[in-house]
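Examining the three-dimensional arrangement
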Amino acid sequence: MKQNLLLFCSVLCVLCDSMVNPSFAAAPVVNSLFPPGGQRGTKLDVTVGGTFDKWPVQAWVSGDGVTMAAGKAKGTIRVTIAADAVPGVRYVRLFDAEGASSPRPFIVGTLPEVTEKEPNDEPGSAHMLDRSTVVVNGRLDKTADVDCFAVPLHKGQTLVASVEANRTLKSPMDGILQLVGPDGFLIAENNDHDGLDPQIVFTAPKDGTYIVRLFAFPATPD
């Protein structure tokens, strides 16, 4: 039986104001990394959400096989992942003479990765995924944001759609994952499969394009 595997790595962006004494420089503050991971054997540019009094900064990464260096643009780092890097979570700190940031997770994977294409809030504008196995890097970064992804399936194919967000990436979201069939009806839904992260496993009863829909509530109810 052929199986389709989709892994959604999502970051719920939180904008934070910080007050800094203008007489003193502060250590870097890192709130997010996007994309929050990459496939081994690749190079990519990562946008760092946070505050930096000075740029460039230096980067420390736990484990082996991943190197990072500050990019020319403030708030970007260049990531190089060795082809033989062990898959899994690394922890990243940015630092300068004033101190170091708190560690942030970065996931090294083995599957091809893509970045979600906006706008994709509605099934009619869903991001079409043309690979049978793929990691989608996406963000829920505005109020009532919804991400939709179109997946073509043949009868008998099994779809596995899994979200990696709160448990590993510490994204402050309680995700809801839904599956809409070719006829436009909701046919599967899940939340809290692994902590607050959802997963759907579904075998297609007929050929067609299915819509995987992701949205979230705050991890801490407000």
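Residues numbered from 1 in each chain as written. Predicted model: local features only at pLDDT ≥ 70, side-chain atom pairs only at ≥ 80, totals over all residues. Heavy atoms only, no water.

**A look at the sheet that holds strand 12 (residues 127-128)**
Strand order in the open sheet made by the five strands is 12-14-19-16-17, with mixed pairing throughout. A strand with exactly one partner marks an edge of an open sheet, and here the two such strands are strand 12 and strand 17 (186-190). In this sheet, strand 17 lies alongside strand 16 (residues 173-180) in antiparallel orientation, the contact comprising four bridges. Bridge pairing in strand 17 links leucine 177 to asparagine 190. (Pairing = 2+ DSSP bridges. Helix = DSSP H or I, 4+ residues; strand = E, 2+ residues; numbered from the N terminus.)

**Things to note about the nonpolar core**
With 21 residues, the main nonpolar core has Leu177, Leu179 and Val212 as its most contacted residues. Contributing elements (two or more residues each) for this core: strand 13 (133-140), strand 14 (147-153), strand 15 (158-164), strand 16, strand 18 (199-203) and strand 19 (208-218). Apart from the residues within four sequence positions on either side, leucine 179 is in contact with Leu159, Phe185, Leu186, Ile187, Ala188, Ile200, Phe202, Tyr210, Ile211 and Val212. Of all hydrophobic cores here, the second largest spans 19 residues; its members include Val30, Val48, Val61 and Ile77. (Core = buried A, V, L, I, M, F, W, Y, C linked by side-chain atoms within 4.5 Å. Buried < 20%, exposed > 50% of the residue type's maximum accessible area, 1.4 Å probe, protein only. Contact = heavy atoms within 4.5 Å.)

**So, the sheet that holds strand 4 (residues 43-51)**
Spatially, the four strands line up as an open sheet ordered 2-4-7-6, and their pairing is antiparallel. The two strands at the open ends of the sheet, each matched to only one other strand, are strand 2 (29-34) and strand 6 (66-70). Neighbour-to-neighbour, the strand axes of this sheet turn through a mean angle of 30°, independent of strand direction. (Axes fitted to C-alpha atoms, helices over the stretch in contact; angles between N-to-C directions.)

**Some points on the side chain of glutamine 178**
Summarising the element assignment, glutamine 178 is placed in strand 16. Overall, the relative accessible area of 8% leaves glutamine 178 in the buried class. A polar atom in the side chain of glutamine 178 sits 2.5 Å from the side chain of glutamate 189. Apart from the residues within four sequence positions on either side, glutamine 178 is in contact with Leu186, Ala188, Glu189, Ile200, Ile211, Val212, Arg213 and Phe215. (Polar contact = N/O pair within 3.5 Å; in protein donor to acceptor, adjacent residues only side chain to side chain.)

**A closer look at the pairing of strand 8 (residues 88-96)**
Note: strand 5 (residues 58-61) against strand 8, four bridges, orientation antiparallel. The residue bridging glutamine 58 from the neighbouring strand is phenylalanine 95, located in strand 8. As paired strands, strand 8 and strand 10 (residues 104-109) are joined by five bridges and run antiparallel to one another. Bridge pairing links glycine 88 to valine 108 in strand 10.

**What about the packing of aromatic side chains?**
Evaluation of the coordinates by the stated rule reveals three aromatic pairs. Ring centres 5.1 Å apart and planes at 70° place the aromatic pair phenylalanine 52 and tryptophan 55 in the edge-to-face group. Geometrically, the ring pair formed by phenylalanine 202 and tyrosine 210 is tilted, given 5.8 Å between the ring centres and 55° between the ring planes. Tyrosine 210 carries the same exposure label as phenylalanine 202, and that label is buried. Over the ring of phenylalanine 34 we find arginine 139; its NZ or CZ atom is 4.0 Å from the centre of that ring. (Phe/Tyr/Trp six-rings, centres within 6.5 Å; stacked < 30°, edge-to-face > 60°. Lys NZ or Arg CZ within 6 Å of the ring centre and 35° of its normal.)

**Quick notes on the side chain of serine 62**
Structurally, serine 62 can be placed in the loop between strand 5 and strand 6. Of the polar contacts made by the side chain of serine 62, one reaches the backbone nitrogen of tyrosine 91; its length is 2.8 Å. With near-sequence residues (within four places) excluded, serine 62 lies in contact with Arg90 and Tyr91.

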